[in-house]
Structures are given as structure tokens and as C-alpha cells.
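# Understanding the architecture of this molecule
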Amino acid sequence: QLPKDRIKDAIERGAAVTTTSNTKGGPDLSSLRYDAMISFGGQKVACIITALSDNRNRTASNVRSTVTRSGGELLPSNSHSFLFQYMGFVLLENISAEEEDGLMECALEGGANEIDFEDSVAAITCESSDLWNLVKSLQVNGYQ
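Residues numbered from 1 in each chain as written. Predicted model: local features only at pLDDT ≥ 70, side-chain atom pairs only at ≥ 80, totals over all residues. Heavy atoms only, no water.

## Digging into the overall build of the protein
- Secondary structure assignment for the protein yields four helices and six strands.
- Put simply, the protein runs from its N terminus to its C terminus through helices and strands in the order α-β-β-α-β-β-α-β-β-α.
- Here the protein has a C-alpha radius of gyration of 20 Å; the compact-globule value for 144 residues is 15 Å, and the former is much larger.
- Taking the principal axes of its C-alpha atoms as reference, the protein extends roughly 50 × 45 × 35 Å.
- Counting the 144 residues in the protein, one finds 25% classified as buried.
- Nonlocal contacts in the protein, meaning residues at least 24 apart in sequence, comprise 55% of its contacts between residues at least 6 apart.
- When the accessible surface of the protein is split by element, carbon and sulfur atoms take 51% of a total near 10300 Å².
- Averaging the coordinates of the 12 positive side-chain charges in the protein and doing the same for the 20 negative ones gives two points 21 Å apart. (Helix = DSSP H or I, 4+ residues; strand = E, 2+ residues; numbered from the N terminus. Rg over C-alpha atoms; globule rule 2.2 N^0.38 Å. Buried < 20%, exposed > 50% of the residue type's maximum accessible area, 1.4 Å probe, protein only. Contact = heavy atoms within 4.5 Å. Areas by Shrake-Rupley, 256 points an atom, 1.4 Å probe, with all protein chains shown as cover. Lys, Arg positive; Asp, Glu negative; His and termini not counted. Charge placed at Lys NZ, Arg CZ, Asp CG, Glu CD.)

## Quick look at the packing of helix α3 (residues 100-109) against helix α4 (residues 131-140)
- At their nearest, the axes of α3 and α4 sit 8 Å apart, and the two run at 140° to each other. Helix-helix and strand crossings are classified by hand; for α3 and α4 the assignment is right-handed. The residues of α4 that touch α3, namely those facing L103, C106 and A107, are L134, S137 and L138. (Axes fitted to C-alpha atoms, helices over the stretch in contact; angles between N-to-C directions. Left-handed = near helix turned anticlockwise from the far one by under 90°.)

## Topic: the sheet that holds strand β4 (residues 87-93)
- A sheet is described by the order of its strands in space; here three strands give the open sequence β4-β6-β5, paired in antiparallel fashion. Sheet topology places β4 and β5 (112-118) at the edges, where each strand pairs with a single neighbour. Taking the axes of each pair of neighbouring strands and ignoring which way they run, one obtains an average angle of 15° across the sheet.
- Where β4 and strand β6 (residues 121-127) come together, seven bridges link them in antiparallel fashion. Pairing of M87 across the sheet is with E127, part of β6.
- Relative to the sheet, α3 contacts β4, β5 and β6, its axis offset from that of β5 by approximately 160°. (Pairing = 2+ DSSP bridges.)

## A few points about the environment of G88
- You can see G88 is positioned in strand β4.
- Overall, G88 belongs to the buried group, its relative accessible area being 1%.
- Those residues within four positions of G88 in sequence are excluded, and the remaining contacts are I124, T125, C126, E127, S128 and L131.

## Section: the side chain of T125
- Tracing the backbone through its elements, the reader meets T125 in strand β6.
- With residues near it in sequence (within four places) discarded, T125 still touches M87, G88, F89, A112, N113 and E114.

## Observations concerning the pairing of β6
- Among the seven residues of β6, five are classified as buried, and the element is accordingly described as predominantly covered.
- Pairing between β5 and β6: six bridges, direction antiparallel. Following the sheet pairing, F117 is matched in β6 by A122.
- Taking the residues that link successive antiparallel strands as the turn, the β5-β6 hairpin has two residues, and the phi of D119 there is positive, at about 50°.

The values are spatial; any link to function lies outside them.
This is the structure we're talking about:
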């Protein structure tokens, strides 16, 4: 059992992350990246793990132990960046056939690169820098 005051403190710290910046006394968060090779069914899978943390050492320890328990190993940073492409991805469900044209027009205006429709689900990809514009464009046009 976790004491109630520790839970309350954790919630307040989390709320401070979204409402304050570092200049106003909020936590000093670091964006961390780890490259790993993890074994799945006899095959090695390349992984890029990103984390946002206020404690680099604790996060490194947790990531290292999780990767090791999965039968993997941490690698030097950027050791397999060439295998990955950063992109934005939006998945919309319950899209009717009549909505597809309107959605396609809205998504293209928002910066979409590719739109795939399958079984009333729309999968939209874009450049990672255009993701926020795409989401806002979809929301303004009534897509959730």
C-alpha cells in the first residue's frame, strides 16, 4: 500500500509539469533516448526507447533492467537510427464510406502524407513536425 500523502505529492508533481515551466519552479525534465536490441522469438529487434524524466539515473537503471530482462542489450546512442523514420500517425475509427472524401481533404490540408482506409478505420501519416497541425485540422472539422 502506498501512503495517501505520497500519492497526493506525485499528482501535484505531475500537475506542475503541465502547468509550470522550469523558471517557475517546475521539475527539471530531461528527454532521454536509448537504443536497444531485444530478442523476440529467436529474432533480434531494434528498438529506440524515449523517455521524459526528472531523474536520469533512475530512468537509465529502469530502462537497462527492463531491456536486460527481455533478453536484450543497450547499444550506443544513434547506433541504428538509420533503421527508423520519425513520423506522425493518427488513427481514426468509425469512419463511414461517405466521410472518406471529406476526411481525406481535411487531412491533406492539415499536412498528411498518406491516408489508408480499411474497415471503417483511417490511418493517417505525416511528417512529425506536421502532427500538431494535422490534429488541429481534424478537430476543427469535427473528427475526434
